[in-house]
Amino acid sequence: GKVVYIAPLKALAKERITDWKDRFENKLGKKVVELTGDFTPDVAALDAADVVITTPEKWDGISRHWQHRAYVRRVSLVVIDEIHLLGQDRGPVLEVIVSRMRYVSAHTDWPIRFIGLSTALANAHDIGDWLGIGVVGLYNFKPSVRPVPLTAHISGFPEKHYCPRMATMNKPAYAAIKEDSPDRPVIIFVSSRRQTRLTALDLIALCAADENPQRFLNMGDAEMRASLSKAVDQSLKTTLEFGVGIHHAGLAESDRDLVEHLFVNGKIQVLVCTSTLAWGVNFPAHLVIIKGTEFYDAKTRRYVDFPITDVLQMMGRAGRPQFDSSAVAHIFVHEPKKNFYKKFLYEPFPVESSLADCLTDHLNAEVVSETVGCLRDALDYVSWTYLYRRLTANPGYYDAGTSLDDFRDDPRVFKERLAAFVRQLVENSIASLQRSGCVEVKPPVVHPQNGPGEEEDEGANTGPLYTATVFGKICSLYYLQHSTVRHFRDAISAEPLTFTDVMRLLCDCPEYAELPVRHNEDKLNLAMAETVPLESEGLERQADSPHLKALLLLQAHCWQIPLPITDYVTDLKSVLDNSVRILQAMADVAAEEAQLQSAIHVALLQQCLMQGTNPLRSPLFCVPHVSDDVRRRLGGNSGVKGLCELVEMSESELQRKFRSAGLTERQTSEAVQMIVKMPRLRVKVSVLTGAQQRGDGRAGMRE
């Protein structure tokens, strides 16, 4: 059988790939395959793989069609890293994967073993029970059990506003480094990319004030110059010079690799990074400083606290078993929260399910795969989930309205109320899918009453029957929310869409609702809106809208408008990555609604996003080294308006035109080579006469 390892982050999956390729593939001859958003192998590779390293969303998408994918049915071991994330945003996907794999195992008689790796949990027995793990296979250690003893210091800072509070933490952070880790590695966790830069620069200024600006640098001038020459990001170049590295998802991969290499090898002493590093790359330090326990949540547009599990994960980076006999962690918090962290830091929290909020989309996927075909199937499906386990253990958390908790003492009434609650949850989800046009609901088929002595017909007990529509299948295939498909249907069925309409429709879809709009980015959005070609209504009112930001980023991409900050480059990559499947779904919806004009404009937008261009731009820009100036000279001097004219010219004529337009010999050669390789199409249109269609040889042909 196969092994599937599910990592919560792509960074963690890549780390495992590097490690396990060496251990399993090179040394043991076992085939290891990566299945993430960046890399999707073909079916043959997945079929031949012994170990599949993947992310929750990817495996969910793959395993939805388990009946038609033999390699999914041949999985014998599922390893889930950081399973305590069940209670967070991506928890429902993890929950659905485990529930589905257990369902597959039960219905195919193929045993699947589960291994869940987690931080300390208050309700580990619930998770163990749900995974099918007995008392023997369950190990739950206290948070204080560590390979290296850790001393934790919690400091409170009274400033009310976030940015001034972060600024006042820099001096205490510097003092903590001098006192607890003057010459050993230090990791400082901050909540945003901007804070990595500001914190690093402040630390350098404090070193300079101590008249020792390079106290954190442990390499010679020649080595430092070589390292700086490899760095791309300007802020990183500035900080590396003083032995302080910065690390976040906005950096180029080469920059991240460079910083990791310098830090692991002790060339730089301090690394300032975002919290994602706590989950990803594993290089611990002697001292960890958590500079603030809040982050800006774009969805709620306010600062919210990190989950306790994240804080524990960051603290876990303190202490290197092979080098240290002790470790230190400093947690800097807002003063009012100091007692909370003192009390709960070593009190494991129970992990609750968050599937109830996302049940609709996951039920749709099961209806499409025909795992769920009626109400009874849906109720059976929910009974496999962690949500069902926690509903029985802690009903008050999920159902504050009908007070399930009040009936805990009467098992019979409690069971009835619980069944009614789950049924209502399923029926509400199916009703939402019906409204979106994803599922059709039909009454159960009840056969005529059976004769005496015959068993009662099962059809009467199945409840309503569910069938997936084309839109439900589109939703499941492209891994979209049902509300996105409804959004497309409402817009596309009304009238044909122009190119601009399609771009706006794409950016307004619910998939982009969680695109981060960070602190003060509303001002950047307003400034960008002045430079892009499409006007936005109610600009002042929606400056902090993620949908407006998506629209601005796509326009900047298509019209080659410079982005104001590096964060926007990463955000644009995220928007473009998602746009591929969303536009494919939109094209399918347009085809289903018989809207040819809309479908053509969807395809045009796909091409424009792939090429980073717009429909109004001259095709001459396809030619290498053609800039605005070169195009103007070609149009003015040579009268060349389009690509068709260049294709018809001879090589010598092309060389003369490009040289006169200002291209160098090398540039001219590359431009000519590209044009020469382009196909020269000849289209001949003929109309057959009636006689010729009948096969009369004497009939003529009119052109």
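To keep things clear, this report deals only with the structure shown in the data block. Once a new chain begins, its residue numbering starts again from 1 and follows that chain's sequence as written. In keeping with the predicted nature of the model, local features appear solely for residues at pLDDT of at least 70, side-chain atom pairs appear and are counted solely at 80 or more, and the whole-chain, interface and lining totals rest on all residues. Hydrogens are left out, water is left out, and the side-chain values use all remaining heavy atoms of the structure.

1. A look at the overall build of the protein chain
Reasoning step 1: Counting from the N terminus, the helices are DSSP H or I runs at least four residues long and the strands are E runs at least two residues long. A count of helical and extended segments in the protein chain gives 32 helices and 17 strands.
Reasoning step 2: Expressed as lengths along the three principal axes of its C-alpha atoms, the size of the protein chain is roughly 100 × 95 × 60 Å.
Reasoning step 3: Within the protein chain, the fraction of its 703 residues that count as buried is 47%.
Reasoning step 4: Residue pairs in contact within the protein chain that sit at least 24 positions apart in sequence constitute 71% of those at least 6 positions apart.
Reasoning step 5: Method for areas: the Shrake-Rupley scheme with a 1.4 Å probe, in which residue coverage is limited to the protein chains shown. For the protein chain, the exposed area adds up to about 34,400 Å²; of that, 51% sits on carbon and sulfur atoms. Each residue is assigned to one of three classes by its accessible area relative to the maximum for its type, calculated with a 1.4 Å probe on protein chains only: buried under 20%, partly exposed between the two thresholds, exposed over 50%. The criterion used for residue contact is that any of the two residues' heavy atoms lie within 4.5 Å.

2. Topic: the pairing of strand S7 (residues 186-190)
Reasoning step 1: In terms of burial, S7 is a largely internal element, five of the five residues being buried.
Reasoning step 2: Residues Val-186, Ile-188 and Val-190 point to one face of S7 and Ile-187 and Phe-189 to the other, with burial holding for every one of them.
Reasoning step 3: Paired strands are those between which DSSP finds at least two bridges. Pairing between S7 and strand S9 (residues 270-274): five bridges, direction parallel. In the sheet register, Phe-189 faces S9, and the bridge partner there is Cys-273.

3. So, the packing of aromatic side chains
Reasoning step 1: To pair, rings of Phe, Tyr and Trp, with the six-membered ring standing in for Trp, must have centres within 6.5 Å; the planes then decide the type, stacked if under 30 degrees apart, edge-to-face if over 60, and tilted in the middle. What the rule picks out here adds up to ten aromatic pairs.
Reasoning step 2: Ring centres 4.0 Å apart and planes at 15° place the aromatic pair Tyr-162 and Tyr-303 in the stacked group. Here Tyr-162 is found in helix H7 (residues 162-168), whereas its partner Tyr-303 is found in strand S12 (residues 302-305), with 141 residues between them in sequence.
Reasoning step 3: Taking relative accessible area as the criterion, Tyr-162 reaches 8% and is therefore assigned buried.
Reasoning step 4: In this structure Tyr-303 comes out as partly exposed when scored by relative accessible area, which is 23%.
Reasoning step 5: Three or more aromatic residues link up through ring pairs in this structure, and these residues are Tyr-5, Trp-20 and Phe-24.
Reasoning step 6: Two conditions define a charge located above a ring, namely a distance within 6 Å from the ring centre to NZ of Lys or CZ of Arg, and an angle within 35 degrees of the ring normal. Between the NZ or CZ atom of Arg-489 and the centre of the ring of Phe-471, over which it lies, the distance is 4.3 Å.

4. Looking at the side chain of Glu-34
Reasoning step 1: Within the secondary structure layout, Glu-34 lies in strand S2 (residues 32-35).
Reasoning step 2: What makes Glu-34 buried here is its relative accessible area of 13%.
Reasoning step 3: We define a polar contact as two N or O atoms separated by no more than 3.5 Å, with the added condition that, inside protein, one atom must be a possible hydrogen donor and the other a possible acceptor, whereas residues neighbouring each other in sequence contribute only through side-chain atom pairs. Looking at Glu-34, its side chain comes within polar contact range of the side chain of Lys-14, at 3.2 Å.
Reasoning step 4: Polar side-chain contacts of Glu-34 include one of 2.9 Å to the side chain of Thr-36.

5. Description of the sheet that holds strand S1 (residues 2-6)
Reasoning step 1: The five strands are arranged S2-S3-S1-S4-S5 in an open sheet whose pairing can be described as parallel. Taken across any chain shown, the strands that pair with only one partner, and hence form the sheet edges, are S2 and strand S5 (113-116). The mean inter-strand angle of the sheet, taken between neighbouring strand axes irrespective of direction, is 15°.
Reasoning step 2: Angles run from 0 to 180 degrees between N-to-C directions of axes, and those axes are lines fitted to C-alpha atoms, restricted for helices to the stretch in contact. Helix H1 (residues 10-28) rests against S1, S2 and strand S3 (51-54) of the sheet, and its axis sits at about 170° to S2.

6. Thoughts on the pattern of salt bridges
Reasoning step 1: The rule for a salt bridge is simple: a side-chain nitrogen of Lys or Arg has to be within 4 Å of a carboxyl oxygen of Asp or Glu. In total, this model carries 30 salt bridges according to the counting rule given.
Reasoning step 2: Note that Glu-521 is salt-bridged to Lys-549, the shortest N-O span being 2.7 Å. Here Glu-521, found in helix H24 (residues 521-529), pairs with Lys-549, found in helix H25 (residues 546-558); they are 28 residues apart in sequence, far enough to count as distant. Accessibility assignment for this pair places Glu-521 and Lys-549 in one class, buried.
Reasoning step 3: Taken together, the shared-partner salt bridges connect Asp-60, Arg-64, Arg-100 and Glu-366 into one network.

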